[in-house]
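# Notes for the structure review
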Amino acid sequence: SREYVMQKMLEDIDIAIANLPSERNVYRITKWTAMALKSRFCLFEGTFRKYHNITAYENGADYYLELAAEISHKFITTSGYSIAKDAKDPSANYRKLFSTMNATNTEVILAKDFNAALDLVHNVGGAFNTATNGRYGMTKKAVAAYLMKDGSRFTDKAGWETMSFMDEVKDRDPRLEQSIITPTYIRDEETVTSPQNMANTTTGYAPIKYFTGAEDDTYQTSYVDMPIFRAAEVYLNYAEAANEVDGATSLVYELVNTIRRRAGQPELPAGLSQEQMRDKIRQERRIELCFENHRFWDVRRWMIAEEIDNGPVHRVTIDAEGNISYPVFQN
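Quick caveat, the model's predicted, so the values are computed rather than measured. (Residues numbered from 1 in each chain as written. Predicted model: local features only at pLDDT ≥ 70, side-chain atom pairs only at ≥ 80, totals over all residues. Heavy atoms only, no water.)

Burial of strand β1 (residues 108-112) is extensive: 4 of the 5 residues sit out of reach of the surface. Inspection of the sheet shows β1 paired to strand β2 (residues 226-230) by 4 bridges, in the antiparallel sense. Counted as the bridge partner of alanine 111 is proline 227 from β2. (Buried < 20%, exposed > 50% of the residue type's maximum accessible area, 1.4 Å probe, protein only. Helix = DSSP H or I, 4+ residues; strand = E, 2+ residues; numbered from the N terminus. Pairing = 2+ DSSP bridges.)

See the structure below:
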């Protein structure tokens, strides 16, 4: 049964937490990695049971949500990991997590090590910067989800659907320009802005996360390290689990605000209800964890697939005569 599987997972992960080394090592499994994994799968199970109304087992949704909050809190208070910040260049705090050849264990709990000298490489550079390796792109709807820099909703601005790209990305959550190419983008080791090449992206929103610009733009030549677990996710796991059980406590506020401060976003307003805080946390996960393989599973566990509009994808469509048409949102 589902409950039997979950109990065996808990047995295994608790043995791992008790016996793995506690010394932090960004390229090795430690007790902190195991705690982050427990935080992740307990949150998934608790919210999945809650929003799919699974009540057939001895342990309900709150049991797993409380476990998620408990292990997340223990990680936050005992691991020594924190939200990485660089006071010298706060505008690049977020991007630096995903554009370094040697992951730092300030925030990154576990990363995949890549090394050009050892021929351990991946294909992000080729995929993001050529017209023959996938032509990746963020969707317009995902871009629209990023708030304004002052914390207001971009989609509340008059005419947001048909803004020029220059206006669309202006004064937005700083994580947007650290995730896709915008007019201010400068590749590492260069001094001038790098314009977007529309031949390399299907949507008009070309990603730069996991790419420095210092590597070759050819097939299988990238060697940026890939974070697998990081402290920001555990902060958000605690915030969500605790809010689902007890509402918007002061610690929930502080953890979400810590991530927002690093991103250059204003703190959350006081007095949020449980439902309002839930919306804020879900918004924060969507942006903070973008391109990190969480959104699909978040949509499933929250059971919101039928509530969200899956289009549009492109920024604009240009026909053979040069006429521009903008995508139409369904909701």
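This next bit is on the nonpolar core. Across soluble globular proteins, nonpolar side chains have a tendency to be buried as a group. Grouped together as the largest cluster of nonpolar side chains are 43 residues, with contacts concentrated most on Phe75, Ile76, Ile109, Tyr235, Tyr238, Val252 and Met277. Residue assignment for this core shows that the elements contributing at least two residues are α1 (2-19), α2 (31-51), α3 (61-78), β1, α8 (231-246), α9 (250-263) and α10 (274-288). Considering each element in turn, this core owes the most residues, 9 residues, to α8. With residues up to four places along the chain from it excluded, the contact list for isoleucine 109 reads Asn25, Val26, Trp32, Thr33, Ala36, Phe75, Tyr81, Phe229, Arg230, Ala231 and Val234. (Core = buried A, V, L, I, M, F, W, Y, C linked by side-chain atoms within 4.5 Å. Contact = heavy atoms within 4.5 Å.)

This next bit is on the pattern of salt bridges. Applying the stated criterion to the full structure yields 28 salt bridges. Between arginine 175 and aspartate 173 there is a salt bridge whose closest N-O contact spans 2.8 Å. For the pair arginine 175 and aspartate 173, one class covers both residues: buried. Ionic pairing is found between arginine 285 and aspartate 298, a salt bridge with its closest N-O pair at 2.9 Å. You can see arginine 285 sitting in helix α10 and its partner aspartate 298 sitting in helix α11 (residues 295-302), a full 13 residues away along the chain. When salt bridges that share partners are traced, they join Glu107, Asp173, Arg175, Lys209, Arg230, Arg260, Arg262, Glu284, Glu288 and Glu292 into one network. (Salt bridge = Lys/Arg side-chain N within 4 Å of Asp/Glu carboxyl O.)

This next bit is on the packing of aromatic side chains. Using the criterion set out here, one finds 10 aromatic pairs in the structure. Where phenylalanine 44 meets phenylalanine 48, the ring centres are 5.5 Å apart and the plane angle is 15 degrees; that geometry is what we call stacked. A residue pair is termed a helical-turn pair when its members lie 3 or 4 positions apart in one helix, as phenylalanine 44 and phenylalanine 48 do in helix α2 at 4 residues. Classification of phenylalanine 44 as partly exposed rests on a relative accessible area of 23%. Owing to a relative accessible area of 12%, phenylalanine 48 belongs among the buried residues under this scheme. Summarising the aromatic geometry, the rings of tyrosine 94 and phenylalanine 98 are spaced 5.3 Å apart at their centres and angled 65 degrees between planes, so their arrangement reads as edge-to-face. For the pair shown, tyrosine 94 and phenylalanine 98 are each scored as buried. Within the aromatic cluster, the residues linked to one another by ring pairs are Trp32, Phe75 and Tyr81. Stacked on the ring of phenylalanine 154, the Lys or Arg arginine 172 has its end atom at 3.8 Å from the ring centre. The aromatic ring of tyrosine 51 is capped on one face by arginine 282, whose charged end is 5.1 Å from the ring centroid. (Phe/Tyr/Trp six-rings, centres within 6.5 Å; stacked < 30°, edge-to-face > 60°. Lys NZ or Arg CZ within 6 Å of the ring centre and 35° of its normal.)

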